[in-house]
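The residues making up each chain are set out below.
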Amino acid sequence: MQVDRSCVVSSAWCACLLLLFSTLSTRVTEVGGTHQSIPPSVVKLWASAFGGEMKSISAKYSGSQLLQKKYKEFERAVRVEEIDGLRLVKRLAEDMEEMFHKKAQAMKRLVEAAEEAHLQHEEDPDLQYEYFNAVLINEVDELGNSVELGGEFILQPNDHFNNLSVNLSLSVVQVPTNMYNKDSAIVNGVYWSEALNKVFVDNFERDPSLIWQYFGSAKGFFRQYPGIKWKPDEHGVIAFDCRNRKWYIQAATSPKDVVILVDVSGSMKGLRLTIARQTVSSILDTLGDDDFFNIIAYNEELHYVESCLNGTLVQADVTNKDHFREHLDKLFAQGIGMLDIALTEAFNLLSDFNETGRGSECSQAIMLVTDGAVDTYDAIFAKYNWPDRKVRIFPYLIGRESAFADNLKWMACANKGYFTQISTLADVQENVMEYLHVLSRPKVIDQEHDTVWTEAYIDNTLEDGQSPVLMTTVAMPVFSTKNETRNRGILLGVVGTDVPVSELLKTIPKYKLGIHGYAFAITNNGYILTHPDLRPLYGDGKKRRKPNYSSVDLSEVEWEDKDDTLRNAMVNRKTGTFSIEVKKSVDKGKRVLVLHNDYYYTDIKGTPFSLGVALSRGHGKFFFRGNVTVEEGLHDLEHPDVALADEWTYCNTDEHPEHRYLSQIEAIKLYLSGHEPHLQCDKELIQEVLFDAVVTAPLEAYWTSLVLNKSENSDKGVEIAYLGTRTGLSRINLFVVPDELTNQDFLTAEDKEGVFNADHFPLWYKRAAEQVPGTFVYSLPFNSGSENKSVVLASTAIQLLDERKSPIAAAVGIQMKLDFFQKKFWTASRQCAALDGKCSISCDDENINCYLIDNNGFILVAEDYTLTGKFFGEAEGAVMSKLLQMGSFKRVTLYDYQALCWVFSESSDSGHTLLDPYFAFFSAMKWILTELVIFLVEFNLYSWWHSDLTAKAQRMGRSMQVPCDTEYPAFISERTIKENTGNLDCDGCIKSFVIQQIPSSNLFMVVVDNKCDCSMFEPITMDPIEIMYILPAHNESLKCERLKMQKDRRRPDTCHPFHPEENSMECGGALGLTPSLTATLLCLVLALFPR
């Protein structure tokens, strides 16, 4: 018999392979311990069981199916419209323009009244006049009598002014602490400006939405309406001086290019250099976003304070000014001062920079900070500045020596500038501000009352424990109109009023912008006036202002627009559209929504602002109109479970005082009654909110029936049912008594992201809208405080139509206890399909770990309870890494250009405290007293006295938060991948896992074999990483380029650099207002206490 040899060989070979495979399998098992595979079918069974039960509970208690049915019943009665974004943004801009115009008209009336009152007033050096001093009102002496300039001043709390106690009939006058409040110039100014009281009251009656109105005098006093009591700080000081506020400086002067020359020759050692630093810092305080500057120190050589910026000027924004201030501390005095070289450099720098077209292209000035000049340098001025004298010279003589005063004064007079002498630190602020009045002369002579608007800022002068308010100010200059002083161009002061950004938001119909849509506005410099992603404050409890909050550029929040296409178009006042895919972080930066936004933009006429609107594609571009009778709507709107968005404007209840105490629902009722013609309401919004009230009304009876049937919720796992509609209407039902609620803050004002706000829909509404229709999104709130992690929210969106372009009509959801939710999970994970009931695997097994995570990778359920709420990559770094590789999750890189980073500061605060005007003032008093004791032996004892304080501060060192840019990851699941399995090689040990989507949800069950030690894999965290622009010395060029970088900006529309009729012979020499003897002695005493 013939045998097929190939078959025998093949069989033998197969047997060998089988034996080898068995051996290898045994070895792997031995290496990996008792390796056990995780059956995907079992995990799928668990996921299906848990998903089915949770959807049943969520749908039942939220009433989602009933609400969807009710909207379907009205489907034929509604009309769906696509939003015309361009038309919408133009209409909003017109509304804002009208609102801004009303404020500007109020200021114009104040200007006219002030100028007329001054024209009729004759200056009286002996005038005695008692006025209401803001600090002294209602103050009494030890005998119970009113103090001088005090007196009884009636104050009453007023909710329109943050519940501060005010007087709506009178204004008060604040005088800076370092000025004598009965100085003749101040008393005369206060006397004639009393005429403004009547106009203040009249303005407020015409426009009850006005808040603070004021007049800042060029003499230093500040008249404010309504009257309010000012309180000094713990040192008895009020540092506020209206003349160094941005609104005052912007209104008083035109944009300017400035070069500051600082003498650092040997004679400037000691206190003189300290005064010089403070002088430069005070000059920087007077520069704004429309100005450009540089600082050059000189002795026998030139030293740009920031060497990187040699030969150019930079914008005077907060960041740049702070950067230069840090470098001022590095100046030291030595050598000989060569002023001719410095002046030549300054003139060339101004000329060259002006030719680039990047500066202010308006006023130009050289600030000279020195202790003397041996020559008048007329040859340099003749070459570079005469005869036009376009560059003004402002010399500041440091110290008491007057030997070189004549030379410096001649420079000022010959170049349309102003000369001042600064002997002590206390003199600095008053003398620095003199140059502003010189720069204002051309504008005064032209009688150009330019209306200016500031960037957004927070003024906490009168905060008094209230929440800080972001605002802009409209201001106008006030001039002397007396013929005899015309060529002197006398600025009397500036009037202004604050406009809270929240008032701008009231003009924006949030319901028209959709769930993810928003409106925003920027200044001519590209800085944000309002934007939902602007974060000006930080800290828990009492919020603090970020150092650079007022100069956040649009490109720092709309950072996906890498080419600044949107920003530059808006800066240049264009009207148009722009589209881009954006990544919006939500839930305190923990989660990300990927959207495609369409932007629409136009300018707001009469202001430096431009307005933009962002609409997300899909449901965000559509709006629908329903129609019900007023009787039906009002009946269902008055139910006790109904609330309207607090910050949305259904009716303008601020317009008239009698309406201010009305709730929005009360105002709607009054409006619909037709008995209140002066009440202005959004008719379209009211019609839609009545429609939503009718459609959602059946849920009240439905929820009530569930409450009555207590057996349905015997363990009280479900605590709250809630709904919100596109019109800001919400309904809430409690299944437990309020005291038993696990999370007391949810759906209250404390839960900022969980309620309808002026600029955003609730977070649960936003996330539900991006979930697959008919499914629920589950999450743990990321609130501060661990107790808030003990609930789970489940929400779903209600679509109007069964198509992709359908608008979202509403969202509903429930809040349930976390332990209730977890019990359901663990119960489901014990199920199995075995007929004998013996499961091959269970989450109770020691060999496996079971997790429930959401679509952003956060853990809702884990055997280790401490992992609840944490990112899955922190607990299972190896598995998360594999999920990213397999595509089950993807990493999205986000950027935060408003971040704060902790740094350790080894240097002292001494440099900064010296730059504080009142600490500086106390220091100056110490110095004066020291000089008296040692008979003018200059600087030595002062240095000894102050050195121990400085040394102590330098030794302390501390951690502090500084502005920085950060990059951080967010994670999002891939919707198309429902399940996956994987194996990890952990040093020869094979770790397996299974991930399975929970049906009808945003959740995933992850089951992981825990027998292997995979600690060699790093955890994956969401920690932000600081973006380091300023790198070590080998890459200084990058640092330089970043400092020099200048984005597009639009110059202000007006410019007044000089005037041919200007009297340039008024060029300084005498000190301004003198501090009172009492104030000086008081400060001397206070200065001694720290010793």
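Here the structure is a predicted model, which means the values were calculated and not measured.

> Can you help me understand the environment of L313 in this one?
Along the chain, L313 falls in the loop between strand 9 (302–304) and strand 10 (314–315). A C-alpha to C-alpha distance of 8.1 Å links L313 and V259, two positions 54 residues apart in sequence. With near-sequence residues (within four places) excluded, L313 lies in contact with D257, V258, V259, F292, F293, N294, L349, L350 and F353.

> When you look at the nonpolar core in this model, what are you seeing that I'm missing?
As a rule of thumb, soluble globular proteins bury nonpolar side chains together. Counting 203 residues, the largest nonpolar core has Y71, Y778 and F821 as the members making the most contacts within it. For this core, the leading source of residues is helix 4 (residues 85–120), giving 15 residues. If near-sequence neighbours (up to four positions away) are discounted, F821 is found in contact with F50, M54, Y778, V792, M816, L852, L860, V861 and L1003. M268, L309, V314 and L331 belong to the second largest nonpolar core, which has 44 residues in total.

> When you look at the sheet that holds strand 32 (residues 848–854) in this model, what are you seeing that I'm missing?
In sheet architecture, strand pairing relies on hydrogen bonds along the backbone and comes in two forms, parallel and antiparallel. The strand order across the open sheet built from five strands is 33-32-38-37-36, with neighbouring strands paired in antiparallel fashion. The open sheet has two edge strands, strand 33 (859–862) and strand 36 (979–986), and neither has a second partner. The sheet shows a mean angle of 20° between the axes of neighbouring strands, direction not considered. Across eight bridges, strand 36 lies against strand 37 (residues 989–997) in antiparallel orientation. Residue pairing in the sheet places N983 in a bridge with S992 of strand 37. Of the strands in this sheet, strand 32, strand 33 and strand 38 (1003–1009) are in contact with helix 24 (residues 818–828), which crosses strand 33 at around 60°.

> Would you take a moment to explain the pattern of salt bridges for this structure?
Pairing of side chains with opposite charge becomes possible as their charged atoms draw close. Taken as a whole and judged by the stated rule, the model has 48 salt bridges. E81 serves as the salt-bridge partner of R79, at 2.9 Å between the closest nitrogen and oxygen. With its nearest N and O atoms 2.8 Å apart, the salt bridge here joins E430 to R243. Here E430 is found in helix 13 (residues 428–432), whereas its partner R243 is found in the loop between strand 6 (222–225) and helix 7 (246–252), with 187 residues between them in sequence. With a relative accessible area of 12%, E430 lands in the buried category. On the basis of relative accessible area, R243 is assigned to the buried category, the value being 2%. Linked by salt bridges that have partners in common, R79, E81, K512, R625 and E684 make up one network.

> Can you help me understand helix 19 (residues 630–637) in this one?
Note that an α-helix has 3.6 residues per turn; residues three or four places apart therefore point the same way. All of the buried residues in helix 19 are G633, L634, D636 and L637. Where helix 19 is buried, its residues touch strand 26 (642–644), helix 20 (664–673), helix 21 (683–696) and strand 28 (729–734).

> How should I be thinking about unusual backbone geometry in this particular structure?
In most cases, non-glycine residues show a negative phi, while peptide bonds are predominantly trans. The peptide bond linking Y225 to P226 adopts the cis configuration, its omega dihedral lying at -5°. Assignment of secondary structure puts P226 in the loop between strand 6 and helix 7. Omega for the peptide link from W386 to P387 comes to 0°, which places this bond in the cis form. Of note, P387 is situated in the loop between helix 11 (378–384) and strand 12 (391–398). Residue E361 is not a glycine yet carries a positive backbone phi of 55°. Mapped onto the secondary structure, E361 falls in the loop between helix 10 (339–356) and strand 11 (363–370). The class of E361 is partly exposed, set by a relative accessible area of 41%. The phi angle at K588 is positive, at roughly 60°, despite the residue not being glycine. A relative accessible area of 54% places K588 in the exposed class.

> Help me out: how do you make sense of a negative patch on the surface in this one?
Where like charges cluster on the molecular surface, the negative patch consists of E122, E123, D124, D126 and E484. Considering the arrangement of structural elements, one finds E484 in the loop between strand 16 (470–479) and strand 17 (491–500).

> It is not clear to me how the packing of aromatic side chains should be interpreted in this structure. Could you clarify?
By convention here, two paired aromatic rings are described through the distance between centres and the angle between planes. Enumeration over the complete set of coordinates arrives at 54 aromatic pairs. Centre to centre, the rings of F756 and F761 are 5.3 Å apart; their planes meet at 65°, and the pair counts as edge-to-face. Judged by relative accessible area, which is 8%, F756 ranks as buried. Linked through ring pairs, W648, Y650, Y722, F746, F756, F761, W764 and Y765 together constitute an aromatic cluster. Across the ring face of F623, the terminal group of K512 is positioned such that the distance to the ring centre comes to 5.8 Å.

> Help me out: how do you make sense of helix 10 in this one?
When the terminal C-alpha atoms of helix 10 are compared, their 26 Å separation across 18 residues agrees well with the 26 Å that a helix rising 1.5 Å per residue should span. Among the residues making up helix 10, those that are buried are L339, A342, L343, A346, F347, L349, L350 and F353. Relative to the axis of helix 10, the buried residues are bounded by an arc of 160° and lie together on one face. Downstream of helix 10 by one or two residues, G357 has phi in the positive range, about 75°.

> How should I be thinking about the UniProt feature "coiled-coil region" (unreviewed entry) in the chain in this particular structure?
Mapped onto this numbering, the UniProt entry annotates "coiled-coil region" (unreviewed entry) at residues 89–124. Overall, residues 89–124 shows 89% helix and 0% strand. The separation of its end C-alpha atoms is 54 Å.

> Help me understand the sheet that holds strand 30 (residues 791–799) in this model?
Across the sheet, which stays open at both edges, the six strands sit in the order 26-28-27-31-30-29 with antiparallel pairing between neighbours. Edge positions in the open sheet fall to strand 26 and strand 29 (777–779), since each of these has one partner strand only. Across this sheet, the average inter-strand angle for adjacent strands is 20°, counted without regard to direction. Here three bridges tie strand 29 to strand 30, and the two strands are oriented antiparallel to one another. In the sheet register, V777 faces strand 30, and the bridge partner there is S795.

> How do you make sense of a nonpolar patch on the surface when you look at a structure like this?
Among the surface-exposed residues, I336, M338 and I341 lie close enough to one another that they form a single nonpolar patch of about 250 Å² accessible area. Counting through the fold element by element, I341 comes out in helix 10.

> Where do I start with the pairing of strand 24 (residues 610–616) in this structure?
Regular strands place side chains that alternate from one sheet face to the opposite one. Of all the seven residues making up strand 24, seven are buried; the element is thus mostly covered by neighbouring parts of the structure. Covered by surrounding structure in strand 24 are S610, G612, A614 and S616 together with L611, V613 and L615, the residues of both alternating faces. Looking at chain direction, strand 18 (residues 518–522) and strand 24 are connected through five bridges and run antiparallel. Of the residues in strand 24, the one forming a bridge with A519 is V613. Sheet topology places strand 23 (residues 591–603) next to strand 24; seven bridges connect them, and they run antiparallel. The partner of D603 across the bridge, within strand 24, is S610. Hairpin geometry of strand 23 and strand 24 is characterised by an intervening segment of six residues between the two adjacent antiparallel strands and by a positive phi of about 85° at G606.

> Would you mind going over the packing of helix 19 against helix 20 with me for this structure?
Each pair of packed helices can be described by the angle between their axes along with the distance between the axes. Direction vectors running N to C along helix 19 and helix 20 enclose 160°, while the axes themselves pass 11 Å from each other. One finds that helix 19 runs roughly antiparallel with respect to helix 20. Judged by the sense of rotation from one axis to the other, the crossing of helix 19 with helix 20 is left-handed. Within the contact between the two elements, helix 19 uses V630, L634 and L637 and helix 20 uses I665, I668, K669 and L672.

> Before we go on, may I ask you to explain the packing of helix 3 (residues 64–73) against helix 22 (residues 698–708) in this structure?
One can describe the packing of helix 3 onto helix 22 by two numbers: an axis separation of 10 Å at closest approach and a directional angle of 160°. By the angle between their axes, helix 3 is roughly antiparallel relative to helix 22. For the pair helix 3 and helix 22, the crossing hand works out as right-handed. Residue-level contacts link L66, L67 and K70 of helix 3 to P698, L699 and Y702 of helix 22.

> Would you mind showing me how to read the environment of V552 here?
By the secondary structure assignment, V552 is in the loop between strand 21 (544–545) and helix 18 (565–571). Considered as a pair, V552 and L529 are 23 residues apart in the sequence and their alpha carbons are 9.0 Å apart. Not counting chain neighbours up to four residues away, the residues in contact with V552 comprise G526, Y527, I528, L534 and Q898.

> What's the story with the state of the cysteines in this structure? I'm lost.
In this structure the tally under the stated criterion is seven disulfides. Across a sulfur-sulfur distance of 1.7 Å, C413 and C1067 are joined as a disulfide pair. The S-S bond linking C413 to C1067 shows a torsion near 75°; that makes this disulfide right-handed. Here C413 is found in helix 12 (residues 405–414), whereas its partner C1067 is found in the loop between helix 30 (1036–1044) and helix 31 (1077–1088), with 654 residues between them in sequence. Overall, C1067 belongs to the buried group, its relative accessible area being 1%. Two residues, C651 and C681, share a disulfide whose sulfurs are 2.0 Å apart.

Cut-off values and rules
- Residues numbered from 1 in each chain as written.
- Predicted model: local features only at pLDDT ≥ 70, side-chain atom pairs only at ≥ 80, totals over all residues.
- Heavy atoms only, no water.
- Helix = DSSP H or I, 4+ residues; strand = E, 2+ residues; numbered from the N terminus.
- Contact = heavy atoms within 4.5 Å.
- Core = buried A, V, L, I, M, F, W, Y, C linked by side-chain atoms within 4.5 Å.
- Buried < 20%, exposed > 50% of the residue type's maximum accessible area, 1.4 Å probe, protein only.
- Pairing = 2+ DSSP bridges.
- Axes fitted to C-alpha atoms, helices over the stretch in contact; angles between N-to-C directions.
- Salt bridge = Lys/Arg side-chain N within 4 Å of Asp/Glu carboxyl O.
- Patch = residues over 30% accessible without salt bridge, like charges linked within 9 Å, V, L, I, M, F, W, Y side chains within 5 Å.
- Areas by Shrake-Rupley, 256 points an atom, 1.4 Å probe, with all protein chains shown as cover.
- Lys, Arg positive; Asp, Glu negative; His and termini not counted.
- Charge placed at Lys NZ, Arg CZ, Asp CG, Glu CD.
- Phe/Tyr/Trp six-rings, centres within 6.5 Å; stacked < 30°, edge-to-face > 60°.
- Lys NZ or Arg CZ within 6 Å of the ring centre and 35° of its normal.
- Expected span 1.5 Å × (residues − 1).
- Arc of directions from axis to C-beta.
- UniProt positions renumbered as here; feature names shortened; annotations may be inferred.
- Parallel < 35°, antiparallel > 145°, perpendicular 65-115°, else oblique.
- Left-handed = near helix turned anticlockwise from the far one by under 90°.
- Disulfide = S-S within 2.5 Å.

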